[in-house]
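In case you want the letters, here they are:
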Amino acid sequence: MSVIRSVVAGTGSYLPEKILTNNDLEKIVDTTDEWIVERTGIKRRHIAADDEVTSDLAVRAAKNALTSAGIDAAQIDLIVLATSTADQTFPSTATTVQRKLGITKGAAFDVQAVCSGFIYALATADNFIKAGQAKNALVIGAEIFSRILDWEDRATCVLFGDGAGAVVLTASSGEGNNTDQGILSSRIHSDGRYNDLLYVDGGVSSTGTIGHLRMKGREVFRHAVVNLASVVGEVLDDCSMTSADVDLIVPHQANKRILDGTARKLKVPLEKVVVTVQDHANTSAASIPLALDVAVKDGRITRGDILILEAMGGGFTWGACLLRW
Ligand code: UT7
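Fair warning: this is a prediction, and the values are worked out from it, not measured in the lab.

### A closer look at the side chain of His 252
Phase 1: Along the chain, His 252 falls in the loop between strand 11 (248–251) and helix 8 (256–266).
Phase 2: If we ignore the near neighbours within four places in the chain, the residues touching His 252 are Cys 115, Leu 259, Asn 282, Ser 284, Ser 287, Ile 288, Glu 310, Ala 311 and Met 312.

### Examining the environment of Val 139
Phase 1: Within the secondary structure layout, Val 139 lies in strand 6 (residues 136–144).
Phase 2: Exposure remark for Val 139: the relative accessible area of 0% places this residue in the buried category.
Phase 3: For the pair Val 139 and Gly 315, spaced 176 residues apart in sequence, the C-alpha to C-alpha distance is 21 Å.
Phase 4: With residues up to four places along the chain from it excluded, the contact list for Val 139 reads Val 80, Phe 118, Ala 121, Leu 122, Ala 125, Gly 165, Ala 166, Val 167 and Leu 169.

### Remarks on the domain arrangement of the protein
Note on interface size: it is often stated as the accessible area lost on association of the parts.
Phase 1: Domain assignment breaks the protein into domain 1 (3–174) and domain 2 (182–324).
Phase 2: Computed over C-alpha atoms only, the centres of domain 1 and domain 2 are separated by 14 Å.
Phase 3: The partner domain 2 presents 50 residues to the 52 residues of domain 1 that form the contact.
Phase 4: Carbon and sulfur atoms supply 63% of the area buried between domain 1 and domain 2, which totals about 3900 Å² over both sides.
Phase 5: On the domain 1 side of the interface with domain 2, the three residues burying the most area are Cys 115, Ile 119 and Tyr 120, jointly 17% of the side's total.
Phase 6: In this structure, the connection of domain 1 to domain 2 is made through 2 salt bridges.
Phase 7: When the shortest N-O distance is used, the salt bridge between Asp 279 and Arg 44 registers 2.4 Å.

### Things to note about the packing of helix 3 (residues 54–69) against helix 4 (residues 93–100)
Phase 1: At their nearest, the axes of helix 3 and helix 4 sit 9 Å apart, and the two run at 55° to each other. Taken together, the axes of helix 3 and helix 4 are oblique relative to one another. Two packed elements cross with a definite hand, and for helix 3 against helix 4 that hand is right-handed. Between helix 3 and helix 4, the residues in contact are Thr 54, Ser 55, Asp 56, Ala 58 and Val 59 and Thr 93, Thr 96, Val 97 and Lys 100, respectively.
Phase 2: Broken down by class, the residue content of the contact of helix 3 with helix 4 amounts to 3 nonpolar, 4 polar and 2 charged.

### Quick notes on the layout of surface pockets
Phase 1: Estimated volume of the largest pocket: approximately 950 Å³.
Phase 2: Along the walls of the largest pocket sit 29 residues, with Ser 84, Thr 85, Ala 86, Ile 148 and Ile 210 positioned nearest its centre.
Phase 3: Examining the composition of the lining of the largest pocket, we find that 3 residues originate from one element, strand 9 (residues 198–200), more than from any other.
Phase 4: Its residues assigned to classes, the lining of the largest pocket comprises 12 nonpolar, 14 polar and 3 charged.
Phase 5: Residue-level mapping places the lining of the largest pocket at the junction of two domains, with at least three residues from each of domain 1 (3–174) and domain 2 (182–324).
Phase 6: Taken as a whole, the second largest pocket encloses approximately 780 Å³ of empty space.
Phase 7: Around the second largest pocket, the lining is made up of 32 residues, and of these Leu 159, Met 215, Gly 217, Arg 218 and Asn 255 lie nearest the centre.
Phase 8: Elements that contribute at least two residues to the lining of the second largest pocket include exactly helix 2 (33–40), helix 6 (154–157), helix 7 (217–238), helix 8 and strand 12 (306–313).
Phase 9: Among the elements that take part in the lining of the second largest pocket, helix 7 stands out by supplying 6 residues, more than any other.

Rules behind the numbers
Residues numbered from 1 in each chain as written. Predicted model: local features only at pLDDT ≥ 70, side-chain atom pairs only at ≥ 80, totals over all residues. Heavy atoms only, no water. Helix = DSSP H or I, 4+ residues; strand = E, 2+ residues; numbered from the N terminus. Contact = heavy atoms within 4.5 Å. Buried < 20%, exposed > 50% of the residue type's maximum accessible area, 1.4 Å probe, protein only. Domains from an automatic or database assignment. Buried area = accessible area lost by both parts, 1.4 Å probe. Salt bridge = Lys/Arg side-chain N within 4 Å of Asp/Glu carboxyl O. Axes fitted to C-alpha atoms, helices over the stretch in contact; angles between N-to-C directions. Parallel < 35°, antiparallel > 145°, perpendicular 65-115°, else oblique. Left-handed = near helix turned anticlockwise from the far one by under 90°. Nonpolar A, V, L, I, M, F, W, Y, C, P; charged D, E, K, R; others polar. 1 Å grid on protein atoms, 1.4 Å probe; cavity = no way out; pocket = protein on both sides within 12 Å on 5 of 7 lines; lining within 4 Å. Points joined across faces, edges and corners; volume = space filled by probe spheres on them.

Next comes the structure, spelled out in structure tokens:
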């Protein structure tokens, strides 16, 4: 049976120039490099310049992805952008990116699933492609979390960073089985009962302010490994595969201990997990495409590899995607 598959044709990323190290943070809040590294694995993070907005980061990443795919912006007929730190309340940051890339056709919209945003965006774009409604999609994760952090709260401000990553998905034909190239399965979940464990305490219709990120870190942690291992199991089952078939996991980068715990639960050796949290910190929806671009560029990902992308974030939301590169 012939089916349409979404194949990753190219990746790109962008990190703001300014780097904030753990030692820099020691001067801002009561923390230590030792505590941050031991509890999270984070050593440094990038921070956007005052005159940079989320769409600027997204456009840089998107242009790099288009170049890597060898596709002209004019061929893009869908932009799905995951962010929780939009340029404006409206219009969507995706339409701003569309304008900045000179694209005037197709559709562009934002997806809001916090740290799971990129998986949600990828699953959405994949469904449009599989339905025959788009041929070349730009899927972007872009965030400036530094603007929603409470820089007096040491429990959260040390954990996050800014950045953007993007992939170009292209429609390709497949056989409909697990030997196909492209996205083979994606699963997304949410459970709104956990809203109060990770949220921003402001908003247009509530306080009329932007607000600050608030998190009960230990409780989020408790749910993360269980939910991630479970959703990865689902995409493996969908494809009649086991963790032994996986060449590389590219997880959302929240905390090194979560990455290790999930890998252990899945019985995947740590060498098969892409880890960038030490350099990027948690960049929310941008972390997976940023990590993906690192692993493509350093040669760890090659055509034919089986990859798992997985994330969990505020909402709660969580999801995973299994693809053959
Ligand atoms: O991407 C979305 C998903 N988000 C996550 O996955 C985050 C999940 N959670 C975590 O990564 C961890 O829970 C944290 C890294 C946030 C915290 O690690 P923890 O081992 O759970 O520490 P804790 O929150 O239980 O805090 C332990 C201690 C506390 O002191 P007391 O009460 O034991 O005296 C905190 O006040 O560490 C203290 N603490 C700090 N100390 C130095 C909290 N933040 C800091 C800090 N520097 N930055």
